[in-house]
Every structure is written in C-alpha cells, then in structure tokens.
Amino acid sequence: MPTDNSTPSQLNDLASILLSEAQINTRLKELGAEINSAYAGREIAVIAIINGAVIFVADIIRQLNIPLRLDCIRVSSYHDSASPQQAPEIIDRIRLNIEGFDVLLMDDILDTGNTLAAVSKVLRSMNPASLKTCVLLDKKTHRAVEFEADYAGFPIDDHFVVGYGLDYDGYFRIFYHDPGFEIVPAPH
Ligand code: IMP
Ligand code: MG
C-alpha cells in the first residue's frame, strides 16, 4: 500500500487494471443517457464531493444535455490514509443555493456509505426539490450504513482501488499510460 520500500512509480508498475479507459467511457455514456432522460426538460444542481469525484464529474457532465449548475463539497473521510473513520467531516460547504432545485450529488465511490449518508443529510437540510446520488463505483458488500445510489457505474468487489480520481494518500489519482482504475494491495 505502498509498503515500506515501494515508491509510487513501483506501485504503478505492479498494479493490475480493474476497469479500462474504454470500459469507463462506455459506461459514462450510458449513465449520461440515463440522467438526461430522467431530468429531461429540467435543470439540475450537480454537487461533486471533492477531491475524489473531480475526474468522474468532469467527464459525466460533458455527457449531459440539460442545464446544470455545479458546486463542490469537500469532505474528509479518510484523513490521508486508507482507513475510514466513522464520521466524515465536511471541510468546505457548498455556496450554491439549492433550495427548491433538483440536486444530483456525485462521488467517485460508495463504500461504507458513511460519506454519502452524511452529505445527503446536510443537503436535505437545505430543502432541495429532490436529491439523487450518482457514483462511478459501488462496493456493495462493504456498507456500514444502509445507502443505495440512484445511479451507479460499476459494482466492484471490496478492493482498495486507485486511479480516475481515486487516491491513496493523495497519490495515484491518474495513471499516464491508461486513465483506468488499478487495484492496489489492501493496507496491512
Ligand atoms: P464511504 O464513506 O466509506 O462510503 O467512502 C467513500 C469515500 O471514501 C469516497 O469519497 C472515497 O474518497 C473514499 N474511498 C472509499 N473506497 C475507496 C477506494 O477503494 N479507493 C480510494 N478511495 C476510496
Ligand atoms: Mg472521497
């Protein structure tokens, strides 16, 4: 993870690809089409959970043909490591007024569910007309709280994954040879 003597570049060399750029691009188009038809004739407020969701959100909003506004919320749930803490901390709130608007909350990955559950609660308190969630990855077997996303790109097993915006300790958000995901060994 990287273990004692492995460097980011060594880890990059060792990693195996879970989802390729082509698989991700195909799924992005499908998800975009689903969202376009669900919100046809309306406008949405997209709220991205940063930093992890930046690449996913940048790509998916370019598949949309509905008017949208974008804002980001910064949440720290991993505190610069791969071990989740119980209560995610909202470090930076949104500035957009979402009262009465249809909100689509996006994150890179739904794991224990703590992050999306906590952020959803905060957004609901701002009285949106509706609130839906969209994630690229869903570790369905690792929930600590009951939470299902309205739109999910790929169900994955309980591996720690990096790439396409997902990091380990700030590293590996992007791989230059292929912007797909890569599995790295779980921390021990
Ligand atoms: P949850 O609160 O456990 O659902 O975790 C969601 C957050 O944890 C996401 O916003 C990610 O930032 C991070 N996360 C969960 N699993 C992974 C992973 O496999 N790789 C990188 N980040 C992850
Ligand atoms: Mg995150």
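Here goes a summary of the coordinates provided. Predicted model, so just to flag it, every value in this text is computed and none were measured. (Residues numbered from 1 in each chain as written. Chains lettered and ligands numbered in written order. Predicted model: local features only at pLDDT ≥ 70, side-chain atom pairs only at ≥ 80, totals over all residues. Heavy atoms only, no water.)

Scanning the protein from terminus to terminus reveals four helices and nine strands. In the protein, the order of α-helices and β-strands from amino to carboxyl end is α-β-α-β-α-β-β-β-α-β-β-β-β. Restricting to contacts in the protein with at least 6 residues of sequence separation, those with at least 24 account for 68%. Total accessible area on the protein stands at roughly 9400 Å², and carbon and sulfur atoms take up 50% of it. (Helix = DSSP H or I, 4+ residues; strand = E, 2+ residues; numbered from the N terminus. Contact = heavy atoms within 4.5 Å. Areas by Shrake-Rupley, 256 points an atom, 1.4 Å probe, with all protein chains shown as cover.)

This brings us to the sheet that holds strand β8 (residues 161-162). Spatial ordering of the open sheet is given by β1-β9-β8, a layout of three strands whose pairing is antiparallel. At either end of the open sheet lies a strand with only one pairing partner, and these are β1 (16-19) and β8. Alignment of β8 against strand β9 (residues 181-183), held across two bridges, turns out to be antiparallel. Within the sheet, the bridge partner assigned to valine 162 lies in β9 and is glutamate 182. (Pairing = 2+ DSSP bridges.)

Let us look at the pattern of salt bridges. If charged atoms from side chains of opposite charge come close, those side chains can pair. The tally for this structure, following the rule as stated, stands at ten salt bridges. Across the salt bridge formed by arginine 27 and glutamate 30, the nearest N and O atoms sit 2.8 Å from each other. Of the two residues, arginine 27 and glutamate 30 are both situated in helix α2 (residues 21-38); the distance of three residues between them amounts to about one turn of the helix. A relative accessible area of 41% means that glutamate 30 is categorised as partly exposed. Across the salt bridge formed by aspartate 111 and lysine 139, the nearest N and O atoms sit 3.8 Å from each other. One end of the pair, aspartate 111, is in the loop between β5 (102-110) and α4 (114-124); the other, lysine 139, is in the loop between β6 (130-138) and β7 (151-155), with 28 residues separating them in the sequence. Judged by its relative accessible area of 5%, lysine 139 is buried. Taken together, the salt bridges that share partners define one network made up of Asp138, Lys140, Arg143 and Glu148. (Salt bridge = Lys/Arg side-chain N within 4 Å of Asp/Glu carboxyl O. Buried < 20%, exposed > 50% of the residue type's maximum accessible area, 1.4 Å probe, protein only.)

It is worth spelling out the environment of aspartate 158 at this point. With respect to the helices and strands, the residue aspartate 158 is situated in the loop between β7 and β8. Residues within four places of aspartate 158 in sequence aside, it is in contact with Lys139, Thr141 and His142.

Before going further, it helps to examine the sheet that holds strand β4 (residues 89-92). The strand order across the open sheet built from six strands is β4-β3-β2-β5-β6-β7, with neighbouring strands paired in mixed fashion. Taken across any chain shown, the strands that pair with only one partner, and hence form the sheet edges, are β4 and β7. Taken pair by pair, the neighbouring strands of this sheet meet at an average axis angle of 30°, ignoring direction. Where strand β2 (residues 44-50) meets β5, five bridges bridge the pair, whose relative direction is parallel. Looking at β5, one finds that alanine 48 is bridged to methionine 106. Contacts between helix α3 (residues 54-61) and the sheet are confined to β2, β3 (68-76), β5 and β6, with β2 contributing the most and set at about 155° to the helix. Along the sheet, α4 contacts β2, β3, β4, β5 and β6; its crossing angle with β5, the most-contacted strand, is approximately 165°. (Axes fitted to C-alpha atoms, helices over the stretch in contact; angles between N-to-C directions.)

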